[in-house]
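Reading the structure
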Amino acid sequence: MKRVEIGIFGRMNAGKSTLMNLLTQQETSIVDPTPGTTADHKITLFELHGIGPCKIFDTPGIDEETILGQKKRKKVIQTLRECDLAIITTPSNIADFSVEEELISLAQSIQKTYILVHNIFDSTPQHSIKFKEVDTSIIKEANLSEENSREAILPFIKKYITKTKEHSLLPFIKKDHSYVLIIPMDEETPEKRLLRPQSMAVEEITRNWAYSITYRMDLKKARAGNIEEKRRFDNLLNHIPFLDAVITDSQAMDIVSRWTPKQVQLTTFSIMMIQHGTQRLSKFYQGVNTLTTLKENGKILICEACNHSRIQEDIGTVQIPNILKKRYPNITIDHSFGREFEDKNLQEYDLIIHCGGCMISAQKLTQRVVNLEVHHIPITNYGIFLSWIQGQEVLERVVKPWI
Ligand code: SF4
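Residues numbered from 1 in each chain as written. Predicted model: local features only at pLDDT ≥ 70, side-chain atom pairs only at ≥ 80, totals over all residues. Heavy atoms only, no water.

1. Digging into the sheet that holds strand β8 (residues 211-215)
Test applied: What makes two strands pair is DSSP finding at least two bridges between them. Helix and strand definitions follow DSSP, with helices as H or I runs of at least four residues and strands as E runs of at least two, each counted in order from the N terminus. Between N-to-C directions, angles span 0 to 180 degrees; the directions come from axes that are lines fitted to C-alpha atoms, helices contributing only their stretch in contact. Here, residues are in contact when the closest pair of their heavy atoms is within 4.5 Å.
Strand order in the open sheet formed by 4 strands is β8-β7-β9-β10, and the pairing between neighbours is parallel. Two strands lie at the open edges of the sheet, namely β8 and β10 (265-268), each paired on one side alone. Between one strand axis and the next, the sheet turns by 20° as a mean value, whatever way the strands run. Of the strands in this sheet, β7 (178-182), β8 and β9 (243-248) are in contact with helix α7 (residues 227-238), which crosses β8 at around 175°.

2. With respect to the pattern of salt bridges
As a reminder, the rule being used: Within this document, salt bridges are pairs made up of a side-chain nitrogen of Lys or Arg and a carboxyl oxygen of Asp or Glu, the two lying within 4 Å of each other. Here the term buried applies to any residue with accessible area under 20% of the maximum for its type, exposed to any over 50%, and partly exposed to those in between, with areas from a 1.4 Å probe on protein chains only.
Under the criterion given, the structure shown has 15 salt bridges. For Glu-342, the salt bridge identified is with Arg-368, shortest N-O distance 3.5 Å. Remark: Arg-368 occurs in helix α12 (residues 362-374) and Glu-342 occurs in the loop between β12 (332-337) and β13 (351-354); sequence separation between them is 26 residues. Owing to a relative accessible area of 24%, Glu-342 belongs among the partly exposed residues under this scheme. Note on Arg-368: relative accessible area 4%, which makes it buried.

3. Digging into the domain arrangement of the protein
For clarity, the cut-off: The source of the domain bounds is an automatic or database domain assignment. Defined here as a combined quantity, buried area equals the accessible surface (1.4 Å probe) lost by two parts on assembly, summed across both. In protein, a polar contact means a hydrogen-donor-capable atom and an acceptor-capable atom, both N or O and within 3.5 Å, with residues adjacent in sequence counting only if both atoms are side-chain atoms; elsewhere, any N or O pair within 3.5 Å suffices.
Entries for the protein in the domain assignment read domain 1 (4-160), domain 2 (178-271) and domain 3 (279-393). Placing a centre on the C-alpha atoms of domain 2 and another on those of domain 3 gives a separation of 23 Å. Each partner contributes residues to the interface: domain 2 has 13 residues there, and domain 3 has 19 residues. Between domain 2 and domain 3 the total buried area reaches about 1,300 Å² when both faces are included, carbon and sulfur atoms providing 56% of it. When the buried surface of domain 2 facing domain 3 is broken down by residue, Glu-188, Ser-270 and Ile-271 rank first, second and third, together holding 40% of it. Our count for the contact surface shared by domain 2 and domain 3 stands at 0 salt bridges. Counting the contacts that link domain 2 with domain 3 gives 4 residue pairs in polar contact (both at pLDDT 80 or more). Only α5 (196-207), α8 (253-259) and α9 (269-278) provide two or more residues apiece to the side of domain 2 that touches domain 3.

4. Some thoughts on helix α10 (residues 281-288)
The line we're drawing: The directions considered for the arc are those from the helix axis to the C-beta atoms.
Leu-281, Phe-284, Gly-287 and Val-288 are the residues of α10 that are buried. For α10, the angular spread of buried residues about the axis comes to 125°, placing them on one side. Contacts made by the buried residues of α10 are with α9, β13, α12, β14 (379-381), α13 (382-388) and α14 (392-399).

5. Some details on the layout of surface pockets
Where we set the bar: Residues are said to line a cavity or pocket when one of their atoms sits within 4 Å of a point; the points come from a 1 Å grid over protein atoms alone, cavities being sets where a 1.4 Å probe fits but cannot get out and pockets being open sets with protein on both sides within 12 Å along at least five of seven lines. Grid points are joined across faces, edges and corners, and a volume is the space filled by probe spheres set on the points. For this classification, the nonpolar set comprises Ala, Val, Leu, Ile, Met, Phe, Trp, Tyr, Cys and Pro, the charged set comprises Asp, Glu, Lys and Arg, and every other residue, Gly included, is treated as polar.
In this structure, the second largest pocket encloses a volume near 790 Å³. Around the second largest pocket sit 31 residues that line it, and Glu-188, Leu-195, Pro-197, His-308 and Cys-358 are the ones nearest its centre. Those elements giving two or more residues to the lining of the second largest pocket turn out to be α5 and α9. Along the lines of polarity and charge, the residues of the lining of the second largest pocket split into 15 nonpolar, 10 polar and 6 charged.

6. A closer look at the site of the ligand
Going by this rule: The cutoff for a nearby residue is simple: one of its non-hydrogen atoms must lie within 4 Å of the molecule or strand. Any molecule with more than half of its atoms within 2 Å of a cavity's or pocket's grid points is regarded as sitting in that cavity or pocket.
Near the ligand you find Glu-304, Ala-305, Cys-306, His-308, Cys-355, Gly-356, Gly-357, Cys-358 and Met-359, and these make up its full shell. Most atoms of the ligand, that is more than half of them, are within 2 Å of grid points of the second largest pocket. Residue classes in the shell around the ligand are distributed as 5 nonpolar, 3 polar and 1 charged.

7. Let's talk about the sheet that holds β14
Pairing in this open sheet of 4 strands is parallel, and the strands run β12-β11-β13-β14 from one edge to the other. Of all the strands in the sheet, just β12 and β14 have a single pairing partner and so form its edges. Between one strand axis and the next, the sheet turns by 25° as a mean value, whatever way the strands run. Across the sheet, α10 lies against β13 and β14, angled at about 100° from β14, the strand it touches most.

As structure tokens, this is what we get:
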């Protein structure tokens, strides 16, 4: 489920946990005057009337100077990058606003919507908050320990939440048309369920009054030139009324691109996921062309957004590296799994090849792409890469449904 992500940031003892509890009307976070009480992020899911499902993060103070504090700070900054709205809380009884200034300038540098909640612990603030001089429209003053401040703060927060438009997963679906989903089901396929992109596609097609047909392809037989396997596929396609598109697991592109008639649209689940999550398919398309000018000793990072169990012919750790090494024997290939991406020195790489990112939020996936854009580091993904390998014609074909 897509949720609006709201992060609460600030120095230690600024009232972040109090604000979290006030908004969620629960004792989600421990409130105590001891500095550093919030040891790690607290996350609460709640429904904000007029906005919908939200995920709210209470973060530790970024001014904790211990080694542990530095680690927490890194995570806090990452959360600020990824959230949809940053609420920076600040106490009134301070004279040095350097912590708040740092948070504000970071939010501004990445064009993040932020608001400042000025926590008036008592009715006689010792210092007038200097940000008032900058932009009064983004500041709310409130005594967060007073219950009725919720009513004042909520509309203020809502005002600055820009709801991102919910994009269709498969915008090309036509009512009463058929869509074949190629699902090879190899050793890595979990039992009793489809993978998330596959079940999302089935749901989207059905919701749009169209027909989804799942097809298990035996890739080993297909690659071995088994005539019966080809006949099975042809037989299916010949009996489907109003066949509009085939959506395949990227790793089957070598077969599916040849077997699917030219008049039928073709794309992949991983292309569907990155377009849905980031709306930046063109970046991934441009990124793959970096390979045409890749240096002999170039460096590529293959990223998987989750840590799934990897068996035998895993696409990210075996199949794609084998293809790359065959074409570019002297390049270096590194991997990052899950959160490791955030710790990588991305500027070392000539190209990032990312998975479909189905296990991370759209905000997190988009933030990864935006961060790479800022540093001019090309990115592509599994589906685009495995299509490009089959030739320019196949690459053009798989992006066409999205143009
Ligand atoms: S997040 Fe990436 S690696 Fe993990 S299951 Fe989804 S597409 Fe595969």
